[in-house]
Amino acid sequence: SIKQLPLTLIVAATPKNGIGKNGALPWPMLKKEMAYFARVTKRVPIPANTGSVQSDAWKQTNLEGTRRNVVIMGRKTWESIPPKFRPLKDRTNIVISTQDRAMLDGLPEEVLVASDIISGLEALEQRVRDGGALSVGRAFVIGGSSIYRAAMDLPQTKSILMTRINKDYECDTFFSVDLEDSRAGWQLRTREELQDYVDEEVSEEPLMDGNDADQVSFQFQLYQRP
Ligand code: FOL
């Protein structure tokens, strides 16, 4: 059932878990980091092989384009995405808002609006049945703070793709989960496990990005809980 669909949280945060400032990201445009976010949230996993070479070859060609990943975000995160980039392309966008969608100006009809994560997934399931949306690949929770917190309270949230930004930018919004507190059950996976999860190579060394005035390094991580 869609209610039990695994959820992956994807977030970039400073050493003090800062994620936002004045309705935007706290750091300058980090091209390689944003490109990673876009690639990973778009990439649909190929379904597990069944053993038949012939059927696996069929799946690779024919299931391509039949599934789409989902991105779930709060209303303020939606508004923080540059208009030319929203809805996030090649992904089914779900916006969480207590307001009616009529109150959210200029929201394209393909964007689903719901009052909470589970209701949003149920609305999507209905739209898939109606033939109005592609079936669901992976589902990512992309923020902000209150949506991250709501996702952490759901038992199907077992993976966090964290980008650790190695610089203390001033922030007014935080990721309120202490991944270092072992009592919460979050475990840092190895680089190899991260690579298997995102299906791409991940650098052993921190990456560098930013601009001439503001250089910053960052690293990609995977946390999981049992
Ligand atoms: N997770 C990570 N790792 N990095 C982030 O920057 C991030 N940002 C959000 C949530 N999780 C994240 C929320 N904020 C776009 C802008 C802001 C945003 C999320 C996405 C955005 O415009 N994305 C475009 C790429 C634009 C570009 O290539 O410059 C996209 O297609 O995903």
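Scroll up to find the structure this text is about.
Scope of this entry: the structure provided in the associated data block. (Residues numbered from 1 in each chain as written. Predicted model: local features only at pLDDT ≥ 70, side-chain atom pairs only at ≥ 80, totals over all residues. Heavy atoms only, no water.)

Across five bridges, the pairing between strand β10 (residues 207-211) and strand β11 (residues 214-224) is antiparallel. Bridging across to β11, Leu207 finds its partner in Phe218. The hairpin formed by β10 and β11 contains two residues between the paired strands. (Pairing = 2+ DSSP bridges. Helix = DSSP H or I, 4+ residues; strand = E, 2+ residues; numbered from the N terminus.)

What follows deals with the side chain of Asn17. Looking at where Asn17 falls in the secondary structure, it is placed in the loop between β1 (7-13) and β2 (18-20). A polar contact of 3.1 Å, which involves the side chain of Asn17, links it to the side chain of Arg164. Residue contacts for Asn17: discarding those within four places in its chain leaves Arg164, Thr173, Phe174, Phe175 and Val177. (Polar contact = N/O pair within 3.5 Å; in protein donor to acceptor, adjacent residues only side chain to side chain. Contact = heavy atoms within 4.5 Å.)

Next up on the list: a negative patch on the surface. Among the surface-exposed residues, Glu192, Glu193, Asp196 and Asp199 lie close enough to one another that they form a single negatively charged patch. Structurally, Asp196 is set in helix α6 (residues 191-198). (Patch = residues over 30% accessible without salt bridge, like charges linked within 9 Å, V, L, I, M, F, W, Y side chains within 5 Å. Areas by Shrake-Rupley, 256 points an atom, 1.4 Å probe, with all protein chains shown as cover. Salt bridge = Lys/Arg side-chain N within 4 Å of Asp/Glu carboxyl O. Lys, Arg positive; Asp, Glu negative; His and termini not counted. Charge placed at Lys NZ, Arg CZ, Asp CG, Glu CD.)

With that settled, consider unusual backbone geometry. The step from Arg86 to Pro87 runs through a cis peptide bond, and the omega angle for that step is -5 degrees. Topologically, Pro87 is positioned in the loop between α3 (75-80) and β4 (91-96). Cis geometry is adopted by the peptide bond preceding Gly144, which originates at Gly143 and carries an omega value of 0 degrees. Its identity as a non-glycine residue notwithstanding, Asn17 has a phi of 70 degrees, on the positive side.

On to the packing of aromatic side chains. Following the criterion strictly, the structure yields four aromatic pairs and no others. Plain terms: the ring middles of Trp27 and Tyr169 are 6.4 Å apart, the flat faces sit at 65 degrees to each other, and that makes the pair edge-to-face. Within this pair, whereas Trp27 is found in the loop between β2 and α1 (31-42), its partner Tyr169 is found in the loop between β7 (157-165) and β8 (173-174), the two being separated by 142 residues in sequence. Neither residue differs from the other here; Trp27 and Tyr169 are each classed as buried. (Phe/Tyr/Trp six-rings, centres within 6.5 Å; stacked < 30°, edge-to-face > 60°. Buried < 20%, exposed > 50% of the residue type's maximum accessible area, 1.4 Å probe, protein only.)

Among the residues making up helix α5 (residues 145-152), those that are buried are Ser145, Ile147, Tyr148, Ala151 and Met152. Buried residues in α5, looked at end-on, bunch into an arc of 165 degrees, giving them a common side. (Arc of directions from axis to C-beta.)

Core analysis: the largest hydrophobic core is formed by 32 residues, its most contacted members being Ile72, Ile160 and Phe175. Counting 29 residues, the second-largest nonpolar core is a separate cluster that includes Trp27, Leu88, Leu161 and Val216. (Core = buried A, V, L, I, M, F, W, Y, C linked by side-chain atoms within 4.5 Å.)

What follows covers the environment of Val216. Its location among the elements puts Val216 in strand β11. Given a relative accessible area of 2%, Val216 falls into the buried group. When the C-alpha atoms of Val216 and Arg91 are compared, they prove to be 29 Å apart, with 125 residues separating the residues in sequence. If we ignore the near neighbours within four places in the chain, the residues touching Val216 are Leu30, Ile165, Asn166, Lys167, Tyr169, Leu207, Met208 and Asp209.

Here the focus is the pattern of salt bridges. Tallying each qualifying case throughout the model produces ten salt bridges. Two residues, Lys16 and Asp168, come together in a salt bridge whose shortest N-O distance is 3.6 Å. Of this pair, Lys16 sits in the loop between β1 and β2 while Asp168 sits in the loop between β7 and β8; the two residues are 152 residues apart in sequence, bridging distant segments of the chain. Judged by relative accessible area, Asp168 falls into the partly exposed class, the value being 44%. Between Glu200 and Arg39 there is a salt bridge whose closest N-O contact spans 2.7 Å. Within this pair, whereas Glu200 is found in the loop between α6 and β10, its partner Arg39 is found in helix α1, the two being separated by 161 residues in sequence. On the basis of relative accessibility, which here comes to 35%, the residue Arg39 falls in the partly exposed class. Among the charged side chains, a network of salt bridges with common partners joins Arg39, Arg43 and Glu200.

Honestly, it's all geometry; don't read function into it.
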